[in-house]
Amino acid sequence: MTPKVARFLADHQPATPCLVLDVDRVESNFRALRVALPLARIYYAVKANPAAPILQRLVGLGSSFDAASAEEIDACLEAGAQPARVSFGNTIKKVSAIRRAFAAGVRLFAFDSDEELDKLAAHAPGARVYCRILVENTGADWPLSRKFGTTLEHARALMIRAGELGLDPYGLSFHVGSQQTDTTSYEAAIGRVAMLFTDLKDAGVNLRMCNLGGGFPTSYRDDVPGIDRFGSAIMGAMTQHFGNALPEMLIEPGRFLVADAGVVRSEVVLVSRRGTDPVRWVYLDIGRFGGLAETEGEAIKYRIATPHDGGETGPVAIAGPTCDGADILYEKSNYRLPVALCCGDQVDLLSTGAYVTTYASQRFNGFAPLAEHYI
Ligand SMILES: *Cc1c(COP(=O)(O)O)cnc(C)c1O
């Protein structure tokens, strides 16, 4: 937790549950990433946290933006981003959204299918397009599955067709999976991209851009390699495969920029025991439906701070306050919390600035969406 967040919580005692996010930390993360990968243009993945104070700060820092819907594009433009700095990175776009983006001046679009390419040719004529290829997501705590991306062979045909349809076949993209802790996954993906660059060059299509996607991890319960390690692995692979003919490089960080800037403060609603089971059940006033959706499958394991830290601990299961049986955060991940923890205590879920606020449900069981404070 940053000192600014700690001070805000102490001074204001905001009603829980709430997210408090230090926008200065977003800026320092942005600067660290720029140092680690100075040749890459940063497109912030807006979905990680689309709050206006974050977008405005990033506009001021010269960031570009990866948006997934017309609404996210509007949010970027309202925050002051130039349309030329916005990429419509979703491979699944409504025609109305393509038209709206194109009319607003957006000229960079992702796709991974013939059908989407036809939509782009019809509704974003002449735009720069990049094809997303399928890569391994092993090593990622939040993999993106086979929902996105296509084979190298298909991508090759698609890029040739893009030119024939009057679009600008600009480059290729991939995403190694979110919270990717293994630097080698980027290296392998870059190798695949480079092969296709060569292949397409032989076919008369000169690609100019490699979009390395997001995935850069933040430290949750377990520490992760520093961003400099990802930077050097990526630059090593880029020079190995492209020599000194480096294409333009884009990265689309989401989690890395905002996660550790935010803290969710929550109140313990109940601590209960089931008979002689040593595992206590700790119920918080936030759960899966309050925004902690990434605890699905116990994939993302947040660090939890309590007022009793340092005292004796015991095993716990941790759950949210709703009447849904799926509203359990952790049951199998061997969480331990202080034995002194009781109803009414306030606890902090650390590094919750990414993928939390927007995942909060609309009044399931009557609970209000998560309150947000940007400081
Ligand atoms: C979600 C997403 C990102 C951001 O991923 P992180 O793991 O948060 O960095 C980047 N690009 C695309 C296309 C995405 O869908």
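Residues numbered from 1 in each chain as written. Predicted model: local features only at pLDDT ≥ 70, side-chain atom pairs only at ≥ 80, totals over all residues. Heavy atoms only, no water.

### Digging into the overall build of the protein
So, step 1. A tally of regular secondary structure across the protein gives 10 helices and 19 strands.
So, step 2. Its C-alpha radius of gyration of 22 Å places the protein within 12% of the 21 Å reference for a compact globule of 375 residues.
So, step 3. Principal-axis analysis of the C-alpha atoms gives the protein an extent of 70 × 40 × 35 Å.
So, step 4. Across the 375 residues of the protein, 53% fall into the buried class.
So, step 5. Taking contacts inside the protein between residues at least 6 apart in sequence as the whole, the part at least 24 apart equals 71%.
So, step 6. As displayed, the protein has an accessible area near 15,600 Å², and 51% of this comes from carbon and sulfur atoms.
So, step 7. Here the protein contributes 37 positively and 43 negatively charged side chains, and the mean placements of these two sets differ by 3 Å. (Helix = DSSP H or I, 4+ residues; strand = E, 2+ residues; numbered from the N terminus. Rg over C-alpha atoms; globule rule 2.2 N^0.38 Å. Buried < 20%, exposed > 50% of the residue type's maximum accessible area, 1.4 Å probe, protein only. Contact = heavy atoms within 4.5 Å. Areas by Shrake-Rupley, 256 points an atom, 1.4 Å probe, with all protein chains shown as cover. Lys, Arg positive; Asp, Glu negative; His and termini not counted. Charge placed at Lys NZ, Arg CZ, Asp CG, Glu CD.)

### Digging into the packing of aromatic side chains
So, step 1. Applying the stated rule across the entire model yields nine aromatic pairs.
So, step 2. Ring centres 6.0 Å apart and planes at 40 degrees place the aromatic pair Phe-88 and Phe-109 in the tilted group. Taken together, the residues Phe-88 in strand 4 (residues 86-88) and Phe-109 in strand 5 (residues 108-111) connect sequence positions 21 residues apart.
So, step 3. Residue classification places Phe-88 among the buried residues on the basis of a relative accessible area of 1%.
So, step 4. With relative accessibility at 0%, the residue Phe-109 sits in the buried group.
So, step 5. Between Phe-216 and Phe-230, the ring centres sit 6.2 Å apart and the planes meet at 90 degrees, which makes this aromatic pair edge-to-face. Residue Phe-216 is found in the loop between strand 10 (209-211) and helix 9 (227-242), and its partner Phe-230 is found in helix 9; the two are separated by 14 residues along the sequence. Considered together, Phe-216 and Phe-230 belong to a single accessibility category, that of buried residues.
So, step 6. Ring-pair connections join several aromatic residues into one group, and the members of that group are Tyr-186, Phe-216 and Phe-230.
So, step 7. For Lys-93, the ring lying beneath its charged end belongs to Phe-88, and the centroid distance is 5.7 Å.
So, step 8. Taking NZ or CZ as reference, Arg-221 lies 4.5 Å from the ring centre of Tyr-335, over its face. (Phe/Tyr/Trp six-rings, centres within 6.5 Å; stacked < 30°, edge-to-face > 60°. Lys NZ or Arg CZ within 6 Å of the ring centre and 35° of its normal.)

### Structural notes on the sheet that holds strand 3 (residues 64-67)
Backbone-to-backbone hydrogen bonds join strands into a sheet, with any given pair of strands oriented parallel or antiparallel.
So, step 1. Pairing is parallel in the closed barrel, where eight strands are placed in the order 2-3-4-5-6-8-10-11. Taken over all neighbouring pairs, the strand axes of this sheet differ in orientation by 30 degrees on average, direction set aside.
So, step 2. Pairing between strand 3 and strand 4: three bridges, direction parallel. Bridged to Phe-65 within strand 4 is Val-86. (Pairing = 2+ DSSP bridges. Axes fitted to C-alpha atoms, helices over the stretch in contact; angles between N-to-C directions.)

### Observations concerning the state of the cysteines
So, step 1. A complete count under the given rule lists zero disulfides for this structure.
So, step 2. Between Cys-342, a cysteine without a disulfide, and Cys-343, which holds the nearest cysteine sulfur, the sulfur-to-sulfur distance is 6.9 Å. (Disulfide = S-S within 2.5 Å.)

### Points about the environment of Tyr-220
So, step 1. Tracing the backbone through its elements, the reader meets Tyr-220 in the loop between strand 10 and helix 9.
So, step 2. Residue classification places Tyr-220 among the buried residues on the basis of a relative accessible area of 4%.
So, step 3. Between the C-alpha atoms of Tyr-220 and Asp-260, which are 40 residues apart in sequence, the distance is 8.6 Å.
So, step 4. With residues near it in sequence (within four places) discarded, Tyr-220 still touches Gln-179, Arg-255, Ala-259, Ile-300, Lys-301, Tyr-302, Arg-303 and Ser-351.

### Describing unusual backbone geometry
So, step 1. Residue Pro-17 follows Thr-16 across a cis peptide bond; omega there is -5 degrees.
So, step 2. For Pro-17, the position within the fold is in the loop between helix 1 (3-12) and strand 1 (18-21).
So, step 3. In this structure, Tyr-355 takes a positive phi of about 55 degrees despite not being glycine.
So, step 4. Along the chain, the position of Tyr-355 falls in the loop between strand 18 (346-350) and strand 19 (371-374).
So, step 5. With a phi angle near 60 degrees, Arg-363 is a residue other than glycine that sits in the positive phi range.

### A few points about the nonpolar core
So, step 1. Ranked by size, the top nonpolar core spans 105 residues in total, and within it Tyr-44, Phe-109 and Phe-174 carry the most contacts.
So, step 2. Element by element, the count of residues in this core is highest for helix 8 (residues 184-202), at eight residues.
So, step 3. Shared between two domains, this core takes at least three residues from each, and those domains are domain 1 (50-253) and domain 2 (260-374).
So, step 4. Beyond its immediate chain neighbours, meaning those up to four positions away, Phe-174 contacts Arg-132, Ile-133, Val-135, Tyr-186, Ala-189, Ile-190, Val-193, Cys-210, Asn-211, Leu-212 and Gly-213. (Core = buried A, V, L, I, M, F, W, Y, C linked by side-chain atoms within 4.5 Å. Domains from an automatic or database assignment.)

### Notes on the site of the ligand
So, step 1. Taken together, 13 residues form the shell around the ligand, and within it Lys-47, Ser-178, Glu-252, Arg-255 and Tyr-355 come nearest.
So, step 2. Between the ligand and Ser-178, the relevant distance is 2.4 Å, taken from an oxygen atom to a side-chain nitrogen or oxygen of the residue.
So, step 3. Contact between the ligand and Gly-215: an oxygen atom at 2.8 Å from a main-chain N or O atom of the residue.
So, step 4. Its residues assigned to classes, the shell around the ligand shows three nonpolar, five polar and five charged. (Near = heavy atom within 4 Å. Polar contact = N/O pair within 3.5 Å; in protein donor to acceptor, adjacent residues only side chain to side chain. Nonpolar A, V, L, I, M, F, W, Y, C, P; charged D, E, K, R; others polar.)

### Regarding helix 8
So, step 1. Relative to the 27 Å expected for 19 residues at 1.5 Å per residue, helix 8 spans 28 Å between its end C-alpha atoms, a close match to the ideal helical length.
So, step 2. Where helix 8 is concerned, the buried positions are Ser-185, Tyr-186, Ala-189, Ile-190, Gly-191, Val-193, Ala-194, Leu-196, Phe-197 and Leu-200.
So, step 3. Turning to helix 8, the residues buried within the fold contact helix 7 (152-164), strand 8 (168-173), strand 9 (178-180), strand 10 and helix 9.
So, step 4. Following helix 8 by one or two positions, Gly-204 has its phi on the positive side, about 90 degrees. (Expected span 1.5 Å × (residues − 1).)

### Topic: the pairing of strand 8
So, step 1. Within strand 8, five of the six residues are buried, leaving the element largely enclosed by the surrounding structure.
So, step 2. The pairing of strand 6 (residues 128-132) with strand 8 spans five bridges and is classified as parallel. For Tyr-130, the partnering residue across the bridge sits in strand 8 and is Gly-171.
So, step 3. Note: strand 8 against strand 10, three bridges, orientation parallel. Each residue of the ladder has a partner; that of Leu-172, found in strand 10, is Cys-210.

Keep in mind that these numbers describe shape and distance, not what the molecule does.
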